[in-house]
Amino acid sequence: MVYQNIKHFLTDLQKKHDPIGYHLARQARRAAECAVDKGILKASELSHKGKIHNPTLLTFSTAKSTTLSEKSSIFDALRNNQTWKEIRPQLAGKSEKFQERLCEIVCQLKDSDINCFRFKNLADAMKEDVRAIKNRISQLRKNRISQKEIIPTTQFEKLR
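Residues numbered from 1 in each chain as written. Predicted model: local features only at pLDDT ≥ 70, side-chain atom pairs only at ≥ 80, totals over all residues. Heavy atoms only, no water.

### Here's the deal with the state of the cysteines
As a reminder of what qualifies: Cysteine sulfurs are considered disulfide-paired once they come within 2.5 Å of each other. Helix and strand assignments follow DSSP, with helices taken as H or I runs no shorter than four residues and strands as E runs no shorter than two, numbered in order from the N terminus. Residue exposure (1.4 Å probe, protein chains only): buried if accessible area is under 20% of the type maximum, exposed if over 50%, otherwise partly exposed.
On inspection of all chains with the given rule, the structure shows 1 disulfide. Paired through a disulfide, C34 and C103 show a sulfur-sulfur distance of 2.4 Å. With the S-S dihedral at roughly -85°, the linkage between C34 and C103 falls on the left-handed side. Of the two residues, C34 is situated in helix α2 (residues 19-37) and C103 in helix α5 (residues 99-108); the sequence distance between them amounts to 69 residues. In terms of burial, C34 and C103 fall into one category: buried. Free cysteine: C107, not disulfide-bonded; nearest cysteine sulfur from C103 at 4.2 Å.

This is the structure in C-alpha coordinates:
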(Lines give C-alpha, C1' and ligand atoms only; values in the text may rest on other atoms or scores of the structure.)
Protein backbone atom coordinates (compact mmCIF):
# COMPACT_ATOMS: atom_id res chain seq x y z
CA MET A 1 0.00 0.00 0.00
CA VAL A 2 2.80 2.44 0.88
CA TYR A 3 4.64 1.51 -2.32
CA GLN A 4 1.48 2.18 -4.37
CA ASN A 5 0.95 5.57 -2.67
CA ILE A 6 4.54 6.60 -3.40
CA LYS A 7 4.16 5.49 -7.02
CA HIS A 8 0.97 7.55 -7.41
CA PHE A 9 2.61 10.55 -5.76
CA LEU A 10 5.61 10.39 -8.10
CA THR A 11 3.39 9.96 -11.18
CA ASP A 12 1.28 12.97 -10.18
CA LEU A 13 4.44 14.98 -9.55
CA GLN A 14 5.80 14.11 -13.00
CA LYS A 15 2.47 14.99 -14.67
CA LYS A 16 2.50 18.37 -12.94
CA HIS A 17 6.14 19.34 -13.47
CA ASP A 18 6.83 17.71 -16.85
CA PRO A 19 3.54 17.21 -18.69
CA ILE A 20 5.23 16.92 -22.10
CA GLY A 21 7.65 14.27 -20.84
CA TYR A 22 4.89 12.38 -19.06
CA HIS A 23 2.56 12.24 -22.07
CA LEU A 24 5.32 11.49 -24.56
CA ALA A 25 6.62 8.62 -22.45
CA ARG A 26 3.10 7.16 -22.40
CA GLN A 27 2.73 7.59 -26.15
CA ALA A 28 6.17 6.10 -26.82
CA ARG A 29 5.31 3.12 -24.59
CA ARG A 30 2.06 2.52 -26.46
CA ALA A 31 3.87 2.78 -29.81
CA ALA A 32 6.48 0.24 -28.67
CA GLU A 33 3.73 -2.07 -27.37
CA CYS A 34 1.97 -1.78 -30.73
CA ALA A 35 5.18 -2.77 -32.57
CA VAL A 36 5.63 -5.71 -30.18
CA ASP A 37 2.01 -6.79 -30.71
CA LYS A 38 2.56 -6.70 -34.48
CA GLY A 39 5.63 -8.92 -34.08
CA ILE A 40 7.98 -6.27 -35.46
CA LEU A 41 9.78 -5.73 -32.15
CA LYS A 42 10.70 -8.18 -29.42
CA ALA A 43 10.80 -6.88 -25.85
CA SER A 44 13.03 -8.24 -23.12
CA GLU A 45 13.88 -7.05 -19.62
CA LEU A 46 10.27 -6.09 -18.93
CA SER A 47 9.08 -4.79 -15.57
CA HIS A 48 8.03 -7.25 -12.87
CA LYS A 49 4.47 -6.78 -14.17
CA GLY A 50 5.54 -7.69 -17.71
CA LYS A 51 5.32 -4.13 -19.03
CA ILE A 52 7.70 -2.05 -21.12
CA HIS A 53 9.65 0.40 -18.96
CA ASN A 54 12.87 2.41 -19.25
CA PRO A 55 15.38 -0.50 -19.11
CA THR A 56 13.35 -2.65 -21.54
CA LEU A 57 15.43 -3.86 -24.47
CA LEU A 58 13.59 -3.63 -27.80
CA THR A 59 14.99 -5.60 -30.74
CA PHE A 60 13.63 -5.82 -34.26
CA SER A 61 12.60 -9.38 -35.01
CA THR A 62 14.43 -9.26 -38.36
CA ALA A 63 17.63 -7.81 -36.85
CA LYS A 64 20.83 -9.59 -37.82
CA SER A 65 22.79 -7.68 -35.21
CA THR A 66 21.94 -6.87 -31.61
CA THR A 67 24.25 -3.88 -31.39
CA LEU A 68 22.61 -1.47 -28.98
CA SER A 69 21.77 1.94 -30.49
CA GLU A 70 22.20 5.02 -28.36
CA LYS A 71 19.77 7.91 -27.96
CA SER A 72 21.66 10.03 -30.50
CA SER A 73 21.12 7.43 -33.26
CA ILE A 74 17.42 7.24 -32.47
CA PHE A 75 17.22 11.04 -32.34
CA ASP A 76 18.84 11.29 -35.80
CA ALA A 77 16.51 8.62 -37.20
CA LEU A 78 13.49 10.49 -35.86
CA ARG A 79 14.68 13.82 -37.28
CA ASN A 80 15.04 12.18 -40.71
CA ASN A 81 11.55 10.64 -40.63
CA GLN A 82 9.01 12.72 -42.57
CA THR A 83 6.02 11.47 -40.57
CA TRP A 84 7.78 12.38 -37.32
CA LYS A 85 8.47 15.89 -38.65
CA GLU A 86 4.77 16.30 -39.48
CA ILE A 87 3.32 15.19 -36.15
CA ARG A 88 5.92 16.23 -33.56
CA PRO A 89 4.51 19.75 -32.98
CA GLN A 90 1.17 18.22 -31.97
CA LEU A 91 2.72 15.63 -29.64
CA ALA A 92 3.29 18.15 -26.85
CA GLY A 93 -0.39 17.94 -25.91
CA LYS A 94 -2.47 15.19 -24.40
CA SER A 95 -3.99 14.06 -27.71
CA GLU A 96 -3.44 10.45 -28.62
CA LYS A 97 -4.78 10.69 -32.16
CA PHE A 98 -1.30 10.06 -33.58
CA GLN A 99 -0.79 6.74 -31.80
CA GLU A 100 -0.93 4.57 -34.93
CA ARG A 101 1.46 6.89 -36.76
CA LEU A 102 3.85 6.77 -33.80
CA CYS A 103 3.77 2.97 -34.01
CA GLU A 104 4.70 3.23 -37.71
CA ILE A 105 7.56 5.59 -36.86
CA VAL A 106 8.92 3.16 -34.25
CA CYS A 107 8.67 0.34 -36.80
CA GLN A 108 10.55 2.45 -39.36
CA LEU A 109 13.56 2.85 -37.05
CA LYS A 110 14.90 -0.39 -38.55
CA ASP A 111 15.22 1.46 -41.90
CA SER A 112 17.83 3.67 -40.20
CA ASP A 113 20.00 0.67 -39.24
CA ILE A 114 18.68 0.62 -35.69
CA ASN A 115 18.39 -2.99 -34.60
CA CYS A 116 18.24 -2.87 -30.84
CA PHE A 117 17.62 -0.09 -28.30
CA ARG A 118 16.49 0.64 -24.77
CA PHE A 119 13.00 2.04 -24.39
CA LYS A 120 14.43 4.93 -22.34
CA ASN A 121 16.56 6.03 -25.31
CA LEU A 122 13.50 6.08 -27.57
CA ALA A 123 11.37 8.01 -25.08
CA ASP A 124 14.19 10.47 -24.29
CA ALA A 125 14.89 11.14 -27.99
CA MET A 126 11.19 11.82 -28.60
CA LYS A 127 10.90 14.07 -25.55
CA GLU A 128 14.03 16.04 -26.43
CA ASP A 129 12.88 16.70 -29.98
CA VAL A 130 9.29 17.61 -29.08
CA ARG A 131 10.48 19.95 -26.31
CA ALA A 132 12.85 21.64 -28.76
CA ILE A 133 10.12 22.20 -31.35
CA LYS A 134 7.70 23.41 -28.67
CA ASN A 135 10.30 25.92 -27.45
CA ARG A 136 10.84 27.18 -31.01
CA ILE A 137 7.09 27.57 -31.52
CA SER A 138 6.80 29.42 -28.19
CA GLN A 139 9.60 31.79 -29.20
CA LEU A 140 7.92 32.50 -32.54
CA ARG A 141 4.61 33.18 -30.82
CA LYS A 142 6.30 35.43 -28.27
CA ASN A 143 7.97 37.42 -31.07
CA ARG A 144 4.66 37.83 -32.93
CA ILE A 145 2.89 39.00 -29.80
CA SER A 146 5.52 41.66 -29.13
CA GLN A 147 5.23 42.84 -32.77
CA LYS A 148 1.43 43.07 -32.43
CA GLU A 149 1.84 45.20 -29.32
CA ILE A 150 4.08 47.62 -31.22
CA ILE A 151 1.77 48.02 -34.24
CA PRO A 152 -1.32 49.38 -32.40
CA THR A 153 0.84 51.91 -30.57
CA THR A 154 2.31 53.10 -33.86
CA GLN A 155 -1.14 53.33 -35.48
CA PHE A 156 -2.46 55.27 -32.49
CA GLU A 157 0.42 57.73 -32.75
CA LYS A 158 -0.33 58.26 -36.46
CA LEU A 159 -3.90 59.21 -35.57
CA ARG A 160 -2.79 61.92 -33.13
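### Considering the sheet that holds strand β2 (residues 57-60)
Paired through backbone hydrogen bonds, the strands of a sheet run either parallel or antiparallel to each other. Operational definition: Pairing between two strands requires that DSSP report at least two bridges joining them.
Read across the open sheet, the 4 strands follow the order β1-β2-β4-β3; overall the sheet is mixed. Taken across any chain shown, the strands that pair with only one partner, and hence form the sheet edges, are β1 (41-44) and β3 (68-69). Relative to β2, β1 runs antiparallel, the two being bridged by 4 bridges. By the bridge assignment, L41 is partnered in β2 with F60.

Remember, this is a structural readout, not a statement about activity or role.
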